[in-house]
Structure formats: structure tokens, C-alpha cells
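Topology and contacts: notes
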Amino acid sequence: MRYLGLDLGTRTLGVAISDQTGFIASSHGIIRHNEEYERLILEVEKLVCSYQIAEIVLGYPKNMNNSIGEKAVLSERFKQMLEEKLNIPVHLMDERLTTKQAQDMLISNHTSRKKRKKVIDSLAATIILQSYLDQKEKV
């Protein structure tokens, strides 16, 4: 069973895909959207069909104090839109500090600032998806 990991940003959507066993997440790049959510959902639908995705894991950006802010509400809406259009389960996964974690990983690997900007959202999506897969495995 394959999973799709998504990190919804203001202008880009980070994408990660699991292997067929559902154990390992890999970066798949980004999709630029500029808040064109209808088009973005069509792009996600193409990925779901191409890779035979069974479930989606969407980053849920709660505030550090565990409250729900504007971005988390946007993720909730996007989740609902995905479920209605694609008819597969979409799970919200707490993504606090994933972008920071991704940035730290890239810095420790001496990735240039220019290249970090290109891959940060995709790496964050990979961390979100891998966290979900690891948590699921423990259950």
C-alpha cells in the first residue's frame, strides 16, 4: 500500500511518496500552486492515480501551544477538498518543527541556501510522511 505525504505551503505543496510496502518515504518534489487549490487537487489526483496511492498524509501546522491557527484551518479545508474529490482517506499529521528539522538536515549536509529553498518543502513532506509511517508501524 502506497501513501502520499503533503506539506501545504502558501505557494508550494511539498510531495513525498512511500514505497510499495508503506515503510519508507521518499521525496517527490514540489508543486507550485499560488493558492489555486482546484488545479492543485487535479495535480494531486494525477499522482494518486499514477502511483496507486491508497491514503494521503497531510501536514497539520498546529501552533506551538497546540492551538489551531489560520494555516491549520486551511489544511483542514484542503483535507476536506481532497477527500471529496479523490474518495480516499486523508490523515492530518502534526507537522510542528518539520520545516526546521528539514532545514537543519540540509544545513548539516552543507546544502547551499539556493538549493535548500528548492527542496525544503519536499523534505518536510518526507519527514511528515515518514513520521506517520513510523507511528503506524508501532500500532
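Structure shown above.
The next point concerns the packing of helix α1 (residues 37-51) against helix α2 (residues 70-86). Two elements in contact, α1 and α2, have axes separated by 10 Å at closest approach and are oriented at 55 degrees. What the angle tells us is that α1 and α2 run oblique. Relative to α2, α1 is oriented so that their crossing is right-handed. When α1 is examined against α2, the residues Y37, E38, L40, I41, L42, V44, E45 and V48 are found in contact with a partner set consisting of L74, F78, M81, L82, K85 and L86.

As defined by bridge partners, strand β4 (residues 53-60) adjoins strand β5 (residues 90-94) across 5 bridges and the pair is classed as parallel. Note that in β5 the partner of I56 across the bridge is V90. In the classification by handedness, the crossover that spans β4, the intervening α2 and the parallel β5 is right-handed.

Turning our attention to α1. Between its terminal C-alpha atoms α1 stretches 21 Å, which fits the 21 Å expected from 15 residues at 1.5 Å a residue. Y37, L40, I41, V44, L47 and V48 are the residues of α1 that are buried. Down the axis of α1, the sector holding all buried residues measures 115 degrees, keeping them to one side. Exposed side chains of α1 directed beyond 90 degrees from the buried face belong to E38, K46, C49 and S50. The secondary structure elements touched by the buried residues of α1 are β1 (2-8), β2 (12-18), β3 (25-32), β4 and α2. Looking one or two residues beyond α1, the residue adopting positive phi is Q52, at roughly 50 degrees.

It is worth spelling out the nonpolar core at this point. Side chains of a nonpolar character, in soluble globular proteins, are inclined to be buried together. Counting 21 residues, the largest nonpolar core has L4, L6, L13, V44, I56 and F78 as the members making the most contacts within it. Looking at this core, the element that brings in the most residues is α1, giving 6 residues. Once residues within four sequence positions are removed from consideration, L6 is found in contact with L13, G14, V15, V44, I56, V57, L58, G59, F78, L82, A125 and I128. With 10 residues, the next largest nonpolar core counts V57, I128, Y132 and L133 among its residues.

What follows deals with the environment of L8. Mapped onto the elements, L8 comes out in strand β1. Of the residues examined, L8 reaches a relative accessible area of 13% and is grouped as buried. Along the sequence, L8 and L58 sit 50 residues apart, while their C-alpha atoms lie 7.6 Å from each other. Contacts of L8, omitting those with residues within four sequence positions, involve L13, H33, Y37, L40, L58, L74 and F78.

Spatial strand order, β3-β2-β1-β4-β5: 5 strands in an open sheet with mixed pairing. The two strands at the open ends of the sheet, each matched to only one other strand, are β3 and β5. Taking each pair of neighbouring strands and ignoring which way they run, the sheet shows an average axis angle of 25 degrees. In the sheet, β1 pairs with β4 via 5 bridges, with the strands oriented parallel. Each bridged residue has a counterpart across the sheet, and for G5 the counterpart in β4 is V57. Packing of α1 onto the sheet brings it into contact with β1, β2, β3 and β4, and relative to β1 it is tilted by some 160 degrees. The sheet strands contacting α2 are β1, β2, β4 and β5, and the helix crosses β4 at an angle near 165 degrees.

Rules of the game
Residues numbered from 1 in each chain as written. Predicted model: local features only at pLDDT ≥ 70, side-chain atom pairs only at ≥ 80, totals over all residues. Heavy atoms only, no water. Axes fitted to C-alpha atoms, helices over the stretch in contact; angles between N-to-C directions. Helix = DSSP H or I, 4+ residues; strand = E, 2+ residues; numbered from the N terminus. Parallel < 35°, antiparallel > 145°, perpendicular 65-115°, else oblique. Left-handed = near helix turned anticlockwise from the far one by under 90°. Contact = heavy atoms within 4.5 Å. Pairing = 2+ DSSP bridges. Right-handed = clockwise from strand over helix to strand, strands pointing away. Expected span 1.5 Å × (residues − 1). Buried < 20%, exposed > 50% of the residue type's maximum accessible area, 1.4 Å probe, protein only. Arc of directions from axis to C-beta. Core = buried A, V, L, I, M, F, W, Y, C linked by side-chain atoms within 4.5 Å.

In short, shape yes, function no, at least from these values alone.
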